[in-house]
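# Structure assessment
What follows is each chain in one-letter form.
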Amino acid sequence: MKRERPESFNTVPMKERMIIPRQDMPEQDALLRSTNFLEVNLGLTHEQAVFEAQRCIECKSPTCMDGCPVSIKIPDFIQLICKEDFVGAAKKIKEDNSLPAICGRVCPQETQCEEVCVMGKRFEPVAIGRLERFVADYSMQHGNGSQETFDKPASSGQKVAIVGSGPAGLAVASDLIKEGHEVTVFEALHEFGGVLVYGIPEFRLPKSILRKEVASLEDMGVKFVKNFIVGRTMTIQELMADEGYDAVFLGLGAGLPRFMNIPGENLNGVYSANEFLTRSNLMRGYEFPEWDTPLYRAKHAIIVGGGNTAMDAVRTAKRLGADEASIVYRRSEEEMPARNEEIHHAKEEGVKFMNLVNPIEFISDDQGSVVAAKCLRMELGEPDESGRRRPVPMEGSEFVMDVDMVVIAVGNGSNPLISQTTPEIETNKWGNIVADEDGRTSMDGVFAGGDIVSGGATVILAMGAGRKSAVAINEYLKAKVGS
Amino acid sequence: MYKIIKAEFIAPNVKSFILEAPHIAKKRQAGQFIILRVHDKGERIPITIADSNTEEGWINIIVQGLGKTSAHLNTLETGDYLQDLVGPLGLPTHIENWGTLVCMSGGVGTAEALPIAAAGKAAGNRVISIIGARNKDLIIAEDQMAEVVDEVRISTDDGSAGRHGLVTDVLQDLMDEGIKPDMIVAIGPLPMMAAVSNQTKEIGIPTMVSLNAIMVDGTGMCGACRATVGGKTVFVCVDGPEFDGHQVDFKELGSRQRMYKKQEEESHKCFLERQMKKMKAEQMKVEVTS
């Protein structure tokens with residue numbers, strides 16, 4: 001699709017734009033931050049943001065938007081930053097992404113918009129993520145919340161239930177409220193945000209930012225119901241037949257944590273990443289006993305896995321006072337699925353990386369608590385079906401190390417709650433809900449998107465799936481009125 | 001916020017709460033539980049639902065003040081509010097007509113065994129209840145149990161009521177009298193359920209136990225509540241809470257229940273100190289004003 005180029009407000013001559021260095025993200029000092037839970041990244045200054053925006057060379061056919069799962073109008077909002085209309089820039093982003101303050105923080109921009117930025121071919125890409133975060137934060141502080149971007153549409157008289165208040169559900173809610181539907185979000189936990197509240201730590205995504213994003217959806221008219229488990233408190237059938245919901249979106253998230261099925265995994269001190277992070281983030285275990293939920297404060301913690309969740313867990317363990325907090329990963333750093341920024345931050349904070357190591361057993365004391373991990377060293381063999389080189393144990397490499405806490409961060413399976421209570425909805429052999437590209441499930445009027453369909457992925461991919469479903473739900477509702 | 005319609009002590013340190021919860025009341029079945037938080041910095045704890053009323057929209061839970069959260073909960077009165085309440089969680093009890101069903105319960109477990117005994121009776125079983133307690137004062141729900149089952153037998157550790165001994169002794173008595181149970185349900189403290197399971201495994205009577213594990217979300221997301229049953233790891237919250245007692249690794253579960261013992265003691269101590277301060281402050285006020 002051909003788009004019109006946005007009006008240019010960049011006053012810097014083209015040649016000089018390439019001399020401006022990519023603006024560094026101001027950060028909390030590494031030593032200091034490894035002892036607190038305050039946000040690591042402090043955000044660009046006004047001057048930095050404008051400099052960074054001026055680096056954009058305004059390509060005739062920009063590729064950055066293609067790299068964005070929700071197609072934010074990146075060239076347009078960058079020009080508004082050049083104009084120093086920061087609130088306007090945030091508004092522009094919000095046309096396509098209802099949660100810019102969150103995505104500006106947690107999106108893997110280096111493999112999305114920034115990866116395909118033309119500037120990146122010869123120089124460094126424009127720091128699109130940092131700019132997104134800057135204008136979102138600016139508009140939260142100085143703008144007028146959501147109202148300015150939103151004229152209340154006429155009511156359609158139709159009701160949509162959204163199950164789960166994570167990134168997928170919030171994206172659907174934001175799109176459908178703009179269409180005039182009555183939207184209610186049901187959440188099983190006592191706080192809204194799904195993985196954004198229980199999974200992602202305060203030092204990466206402050207809860208206050210999340211609460212503001214949720215509040216702005218509430219201002220737009222979205223209803224939020226907590227402590228409500230669809231499937232148990234009320235079934236999908238009851239929501240539709242008894243409560244009058246015309247359509248349902250399931251954004252349940254990934255759910256059940258995977259374990260390794262090795263001896264000693266149920267010892268005390270061995271956590272799933274979900275449990276460790278939930279105790280710390282949602283339940284604020286790091287403020288025990290001021291907050292009631294206890295959490296191990298380990299001296300020697302190992303975290304098994306190499307994804308973003310593993311990085312969140314290891315950096316949390318460090319902040320809880322571990323003398324040594326290590327990543328144990330069976331491949332090499334090159335294959336790690338975690339974002340570079342997370343790996344880099346973890347290293348700065350003193351996290352140790354034990355790559356090409358795989359635990360095979362956890363050993364206990366006489367009280368049933370973990371005291372050691374038996375591991376094997378690995379080497380990389382032929383590529384497997386994921387395209388990454390397969391880790392193979394090295395003969396005679398077994399060793400034992402002392403640990404007093406283990407966090408298993410090797411991914412999640414799917415939650416069985418919906419398939420237990422709504423057998424009409426088809427699931428695949430991994431228990432994920434089967435849905436077409438637009439999120440339609442095998443049950444009429446029921447849509448699904450995010451990790452429950454795709455398996456564990458990222459916040460922005462879940463939002464992208466949610467937005468596609470929102471279009472399909474809107475069409476479904478319109479057809480329903482017509483019929 | 002979730003209203004406490006009625007709160008009253010029914011035994012020393014054991015309080016019964018009627019909670020306003022119309023949705024949960026409508027859906028809950030025997031064997032299911034809720035998760036609650038007492039206050040906005042509180043932990044999430046699971047408690048089995050003892051009773052409910054769909055028309056009046058309430059559920060009943062029985063709480064023994066053991067740790068910080070349950071002790072705090074038991075300071076709440078009629079008209080107070082809970083911070084959070086969610087449910088019903090877990091799979092409902094599987095009930096069928098086995099023939100003779102013996103429900104063995106200890107402590108507050110009796111309140112939790114009550115709906116299962118009633119459902120068992122309704123399914124056509126001959127139901128015998130064996131209630132165990134440390135002493136006479138700690139026996140709860142005996143009258144309600146007597147209303148729904150064919151026979152109630154009591155045992156106390158100190159002999160202050162019923163048979164002097166344990167619930168396992170009463171089961172042995174039954175067998176000696178020639179009564180052969182077809183099914184056993186055991187609900188109570190872990191050592192009691194382990195002892196019953198041991199005993200019935202030897203004599204070959206199928207036994208179902210209701211496990212109480214530490215939980216956080218209660219919906220399968222965190223895995224805090226994992227236990228080993230039949231050599232496999234299960235999540236008590238979504239795979240249970242009821243399991244074949246002969247297959248449960250009670251030793252592991254017991255050690256997992258003590259995982260935060262030190263922290264729980266610390267937390268409980270903080271709570272008691274705060275309560276003492278509050279009481280002293282109130283006393284001072286009374287002294288000043290009088």
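None of the values given here were measured: they were computed from a predicted structure.

The rules we used
- Residues numbered from 1 in each chain as written.
- Chains lettered and ligands numbered in written order.
- Predicted model: local features only at pLDDT ≥ 70, side-chain atom pairs only at ≥ 80, totals over all residues.
- Heavy atoms only, no water.
- Helix = DSSP H or I, 4+ residues; strand = E, 2+ residues; numbered from the N terminus.
- Rg over C-alpha atoms; globule rule 2.2 N^0.38 Å.
- Buried < 20%, exposed > 50% of the residue type's maximum accessible area, 1.4 Å probe, protein only.
- Contact = heavy atoms within 4.5 Å.
- Areas by Shrake-Rupley, 256 points an atom, 1.4 Å probe, with all protein chains shown as cover.
- Lys, Arg positive; Asp, Glu negative; His and termini not counted.
- Charge placed at Lys NZ, Arg CZ, Asp CG, Glu CD.
- Pairing = 2+ DSSP bridges.
- Axes fitted to C-alpha atoms, helices over the stretch in contact; angles between N-to-C directions.
- Right-handed = clockwise from strand over helix to strand, strands pointing away.
- Buried area = accessible area lost by both parts, 1.4 Å probe.
- Salt bridge = Lys/Arg side-chain N within 4 Å of Asp/Glu carboxyl O.
- Polar contact = N/O pair within 3.5 Å; in protein donor to acceptor, adjacent residues only side chain to side chain.
- Parallel < 35°, antiparallel > 145°, perpendicular 65-115°, else oblique.
- Left-handed = near helix turned anticlockwise from the far one by under 90°.
- Nonpolar A, V, L, I, M, F, W, Y, C, P; charged D, E, K, R; others polar.
- 1 Å grid on protein atoms, 1.4 Å probe; cavity = no way out; pocket = protein on both sides within 12 Å on 5 of 7 lines; lining within 4 Å.
- Points joined across faces, edges and corners; volume = space filled by probe spheres on them.
- Domains from an automatic or database assignment.

### Some details on the overall build of chain A
Along chain A, the regular secondary structure elements total 18 helices and 14 strands. In terms of overall size, chain A behaves like a compact globule, its C-alpha atoms giving a radius of gyration of 23 Å where 483 residues would be expected to give roughly 23 Å. Each principal axis of the C-alpha distribution contributes one length, and for chain A these read about 65 × 65 × 50 Å. Counting the 483 residues in chain A, one finds 60% classified as buried. Within chain A, contacts between residues at least 6 apart in sequence are counted, and of these 70% link residues at least 24 apart. As presented, chain A carries roughly 19700 Å² of accessible surface, and 50% of it is formed by carbon and sulfur atoms. Across chain A, 53 positive and 71 negative side-chain charges occur, with their mean positions spaced 3 Å apart.

### Details of the sheet that holds strand 8 (residues 352–355) of chain A
Across a sheet, paired strands are connected by hydrogen bonds in the backbone, their directions being either parallel or antiparallel. Residues and elements named next belong to chain A. Pairing is parallel in the open sheet, where five strands are placed in the order 5-13-6-7-8. A strand with exactly one partner marks an edge of an open sheet, and here the two such strands are strand 5 (270–272) and strand 8. The sheet shows a mean angle of 20° between the axes of neighbouring strands, direction not considered. In this sheet, strand 8 lies alongside strand 7 (residues 324–329) in parallel orientation, the contact comprising four bridges.

### Structural notes on unusual backbone geometry
Peptide bonds are mostly trans, and most non-glycine residues show a negative phi. At the junction of Gly 87 of chain B and Pro 88 of chain B, the peptide bond is cis and its omega measures out at -5° in the coordinates. Geometrically, the link from Gly 240 of chain B to Pro 241 of chain B is a cis peptide bond, its omega value of 15° lying close to zero. With respect to the secondary-structure elements, Pro 241 of chain B resides in the loop between helix 7 (236–239) and strand 17 (242–244). A positive phi is found at Asn 227 of chain A, a non-glycine position, where the angle reads about 55°. With a relative accessible area of 5%, Asn 227 of chain A lands in the buried category. The phi dihedral of Arg 284 of chain A is positive, around 55°, even though this residue is not glycine.

### A short note on the pairing of strand 6 (residues 300–304) of chain A
A regular strand carries its side chains on alternate faces of the sheet. Residue and element names in this part refer to chain A. Counted residue by residue, strand 6 has four buried out of five residues, so it is predominantly covered. The pairing of strand 6 with strand 7 spans five bridges and is parallel. Counted as the bridge partner of Ile 303 is Ile 327 from strand 7. Once you follow strand 6 into helix 14 (residues 308–319) and on to strand 7, the crossover reads as right-handed.

### A few points about the interface of chain B and chain A
By a widely used convention, the size of an interface equals the accessible area lost when the partners come together. In this assembly, 45 residues from chain B lie in contact with 45 residues from chain A. Where chain B abuts chain A, roughly 3900 Å² becomes buried across the two surfaces, and 53% of that area is made up of carbon and sulfur atoms. In terms of surface lost to chain A, no three residues of chain B exceed Lys 41, Met 221 and Arg 226 of chain B, which account for 18% of the buried area on that side. Connecting chain B to chain A are four salt bridges. Of the charged contacts, one joins Lys 41 of chain B and Glu 290 of chain A as a salt bridge, the two residues approaching to 2.6 Å between their closest N and O atoms. At the boundary of chain B with chain A, the tally comes to 22 residue pairs in polar contact (both at pLDDT 80 or more). Elements supplying a minimum of two residues to the side of chain B that touches chain A: helix 1 (22–27), helix 2 (68–73), strand 8 (84–89), strand 15 (226–229), strand 16 (232–235), helix 8 (250–257) and helix 9 (261–289) of chain B. Top element by residues in the side of chain B that touches chain A is strand 8 of chain B. It accounts for six residues.

### What to know about the packing of helix 3 (residues 46–54) of chain A against helix 4 (residues 74–82) of chain A
Residue and element names in this part refer to chain A. Here helix 3 crosses helix 4 at 130°, and the two axes come no closer than 8 Å. With respect to each other, helix 3 and helix 4 are oriented oblique. Between helix 3 and helix 4 lies a crossing of left-handed hand. Across the interface between the two elements, Ala 49, Val 50, Ala 53 and Gln 54 of helix 3 pack against Ile 78, Ile 81 and Cys 82 of helix 4. Here the contact of helix 3 with helix 4 is built from residues that sort into six nonpolar, one polar and no charged.

### Quick notes on the pattern of salt bridges
Applying the stated criterion across every chain, the model contains 47 salt bridges over all chains. Where Asp 84 of chain B meets Lys 226 of chain A, a salt bridge forms, and the shortest distance between an N and an O atom there is 3.5 Å. A residue pair is termed interchain when its members come from two chains, as with Asp 84 of chain B in strand 8 and Lys 226 of chain A in the loop between strand 3 (223–225) and helix 12 (236–241). The buried category is assigned to Asp 84 of chain B, whose relative accessible area is 2%. For Lys 226 of chain A, a relative accessible area of 27% gives the class partly exposed. If you follow the salt bridges from partner to partner, you end up with Glu 27, Arg 33, Glu 110, Arg 204, Asp 312, Arg 315, Arg 319, Arg 339, Glu 341, Glu 342, Glu 348 and Glu 349 of chain A in one network.

### Structural notes on the packing of helix 3 of chain A against helix 8 (residues 128–142) of chain A
Relative placement of two packed helices is described by the angle separating their axes and the distance separating the axes. All names here are of chain A. Between helix 3 and helix 8, whose axes approach to 10 Å, the crossing angle comes to 135°. Our classification of the angle between helix 3 and helix 8 gives oblique. Viewed along their axes, helix 3 and helix 8 form a crossing whose handedness is left-handed. Contacts between helix 3 and helix 8 involve His 46, Ala 49, Glu 52 and Ala 53 from the former and Leu 131, Phe 134 and Tyr 138 from the latter. Tallied by class, the residues present in the contact of helix 3 with helix 8 amount to five nonpolar, one polar and one charged.

### Overview of empty space enclosed by the protein
Summary: where empty space remains is shown by rolling a probe the size of a single water molecule over the atoms. Scanning all chains against the criterion turns up five cavities of 30 Å³ or more. Considered as a void within the structure, the largest cavity measures approximately 110 Å³ in volume. Forming the boundary of the largest cavity are 15 residues, of which Cys 68, Ile 72, Gln 109, Cys 113 and Glu 132 of chain A lie nearest the centre. Of all elements in the fold, only helix 4 and helix 8 of chain A reach the threshold of two or more residues within the lining of the largest cavity. In terms of lining, the second largest cavity is formed by Glu 275 and Arg 279 of chain A together with Ala 213, Ile 214, Ala 224, Leu 253, Arg 256, Gln 257, Met 259 and Tyr 260 of chain B. The element best represented in the lining of the second largest cavity is helix 8 of chain B, accounting for three residues. Taken together, the residues that form the lining of the second largest cavity break down as six nonpolar, one polar and three charged.

### Re the sheet that holds strand 14 (residues 207–210) of chain B
Residues and elements named next belong to chain B. Strand order in the open sheet made by the seven strands is 12-11-10-9-13-14-17, with mixed pairing throughout. Where the open sheet ends on each side, the last strands, each with one partner, are strand 12 (163–164) and strand 17. Bridging between strand 14 and strand 17 involves three bridges; their strand directions are antiparallel. In the sheet register, Ser 210 faces strand 17, and the bridge partner there is Glu 242. Helix-sheet contacts for helix 3 (residues 109–122) involve strand 9 (100–106), strand 10 (126–133), strand 13 (183–187) and strand 17, and the interaxial angle to strand 9 is about 170°.

### What to know about the domain arrangement of chain A
Residue and element names in this part refer to chain A. Partitioning chain A into domains gives domain 1 (14–27 + 35–147), domain 2 (153–255 + 413–482) and domain 3 (259–410). The straight-line distance from the C-alpha centre of domain 1 to that of domain 3 is 33 Å. Contacts between domain 1 and domain 3 engage 12 residues on the former and 12 residues on the latter. Where domain 1 abuts domain 3, roughly 890 Å² becomes buried across the two surfaces, and 47% of that area is made up of carbon and sulfur atoms. Taken as a group, Phe 37, Val 40 and Glu 110 account for 57% of the area that domain 1 buries against domain 3, more than any other trio of residues on that side. Inspection of the domain 1/domain 3 interface yields one salt bridge.

### Focus on the side chain of Thr 441 of chain A
Residue and element names in this part refer to chain A. Its place among the elements puts Thr 441 in the loop between helix 16 (417–421) and strand 14 (446–448). Judged by its relative accessible area of 12%, Thr 441 falls in the buried class. A polar atom in the side chain of Thr 441 sits 2.7 Å from the backbone oxygen of Val 446.

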